[in-house]
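Structural overview
If you want the building blocks of each chain, they are given just below.
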Amino acid sequence: IADSGFNLAGNLFYVIGNQNAGQKNASYTGTAGFWEQQSLNTKLKNTFGVSVEPGWNFSKTTLGYAKLAWVNSRINLNDNYTESNPSNNQSGAFNGTVNGFGYGLGAKHLFTENIYGAVDLMGVTYNSYSVGPASFKPTQFLGFASIGYKF
């Protein structure tokens, strides 16, 4: 981190684990008079991205920055459909890839000459995808805490 002034950095990141991307449950009476229940469960996984981080050095030890990112995730959607007429019970799954744009803020602070801590917050809006007649446009909010080494 420099004394003060403009700073430009980049970052590659990978999110370990699965992220819950929403659930939707619906119950209703169908046209044939049977009750129907549908449950959709969505997860994002293998999320990775690249970001550009323009920022400002507020002091020799503190940097604040904006975060603009391209993000890619695998998406898994599970659909379960139940009807009071048991012959119509169904389930299915959709697996695909979604790309998105991320935006957020971050800060870094030097604890020693070479060791720093960082905190980042970022929201991601993904492109939409369709499964049958339904269309989805996932969003995600990420928080990162990290320790790094300044070369």
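Before going into details, it helps to say that this report is about the structure given with it. In this text, all values refer to a predicted model and were calculated from it rather than measured experimentally. (Residues numbered from 1 in each chain as written. Predicted model: local features only at pLDDT ≥ 70, side-chain atom pairs only at ≥ 80, totals over all residues. Heavy atoms only, no water.)

Some thoughts on the environment of N25
To be explicit about the condition: Secondary structure counts use DSSP, requiring at least four H or I residues in a row for a helix and at least two E residues in a row for a strand, with both numbered from the N terminus. Using a 1.4 Å probe on the protein chains alone, a residue whose accessible area is under 20% of its type maximum counts as buried, one over 50% counts as exposed, and one in between counts as partly exposed. Any two residues whose heavy atoms approach within 4.5 Å are treated as being in contact.
Residue placement: N25 occurs in strand β2 (residues 19–29). Looking at N25, the relative accessible area reads 46%, which means it is partly exposed. As a C-alpha pair, N25 and Y81 span 56 residues in sequence and 9.9 Å in three-dimensional space. In this structure N25 touches Q38 and S39, once residues within four positions along its chain are discounted.

Describing the packing of aromatic side chains
Put simply, the rule is: Stacked, edge-to-face and tilted are the three classes for Phe, Tyr and Trp ring pairs, Trp counted by its six-membered ring, which pair at centre distances within 6.5 Å; planes under 30 degrees apart are stacked, over 60 edge-to-face, the rest tilted.
According to the stated counting rule, one finds five aromatic pairs in the structure shown. Geometrically, the ring pair formed by F94 and Y129 is stacked, given 5.4 Å between the ring centres and 5 degrees between the ring planes. Here Y129 lies in strand β7 (residues 129–131) and F94 lies in strand β5 (residues 90–110), a separation of 35 residues in the sequence. Judged by its relative accessible area of 23%, F94 is partly exposed. For Y129, a relative accessible area of 9% corresponds to the buried category.

Describing the side chain of N76
Relative to the elements of secondary structure, N76 occurs in strand β4 (residues 62–83). For N76, a relative accessible area of 15% puts it in the buried group. When near neighbours in sequence (up to four residues on either side) are disregarded, N76 contacts N41, T42, K43, F94 and N95.

Some points on the nonpolar core
Heads up, the rule is: Note on terminology: a nonpolar core comprises buried Ala, Val, Leu, Ile, Met, Phe, Trp, Tyr and Cys residues joined through side-chain atoms within 4.5 Å.
Among the nonpolar cores identified, the biggest contains 15 residues, and F13, V71, V98, M122, V124, Y126 and F144 are the most heavily contacted of them. Every element with two or more residues in this core is listed here: β1 (5–15), β3 (35–57), β4, β6 (115–126) and β9 (139–149). Here this core takes four residues from β4, the largest share from any one element. Beyond its immediate sequence surroundings of up to four residues, M122 is in contact with F13, K67, A69, V71, G102, Y103, G104, Q140, F141, L142 and F144. Counting five residues, the second-largest nonpolar core is a separate cluster that includes Y65, L110, Y116 and A118.

Describing a nonpolar patch on the surface
Selection criterion: Surface patches are drawn from residues lacking salt bridges whose relative accessible area is over 30%; two like charges belong together within 9 Å, two nonpolar side chains (Val, Leu, Ile, Met, Phe, Trp, Tyr) within 5 Å. Note that accessible areas follow from Shrake-Rupley with a 1.4 Å probe, and for residues the cover is restricted to the protein chains shown. Every case where a carboxyl oxygen of Asp or Glu lies within 4 Å of a side-chain nitrogen of Lys or Arg is listed as a salt bridge.
A cluster of nonpolar side chains, contributed by L12, Y14, I16, F48, V50 and W70, occupies part of the molecular surface with about 680 Å² of accessible area. Those elements that place two or more of their residues in the nonpolar patch are β1 and β3. Secondary-structure assignment places Y14 in strand β1.

Details of unusual backbone geometry
Although it is not a glycine, N46 sits at a positive phi angle of roughly 50 degrees. Here N46 lies in strand β3. For N46, a relative accessible area of 38% puts it in the partly exposed group.

Here's the deal with the pattern of salt bridges
What the rule picks out here adds up to two salt bridges. In this structure, E53 and K67 form a salt bridge, with 2.5 Å as the shortest nitrogen-oxygen distance. In this pair, E53 is assigned in strand β3 and K67 in strand β4, connecting sequence segments 14 residues apart. Since its relative accessible area comes to 3%, E53 is described here as buried. Judged by its relative accessible area of 1%, K67 falls in the buried class. Overlapping salt bridges bring together E53, K67 and D120 as one network.

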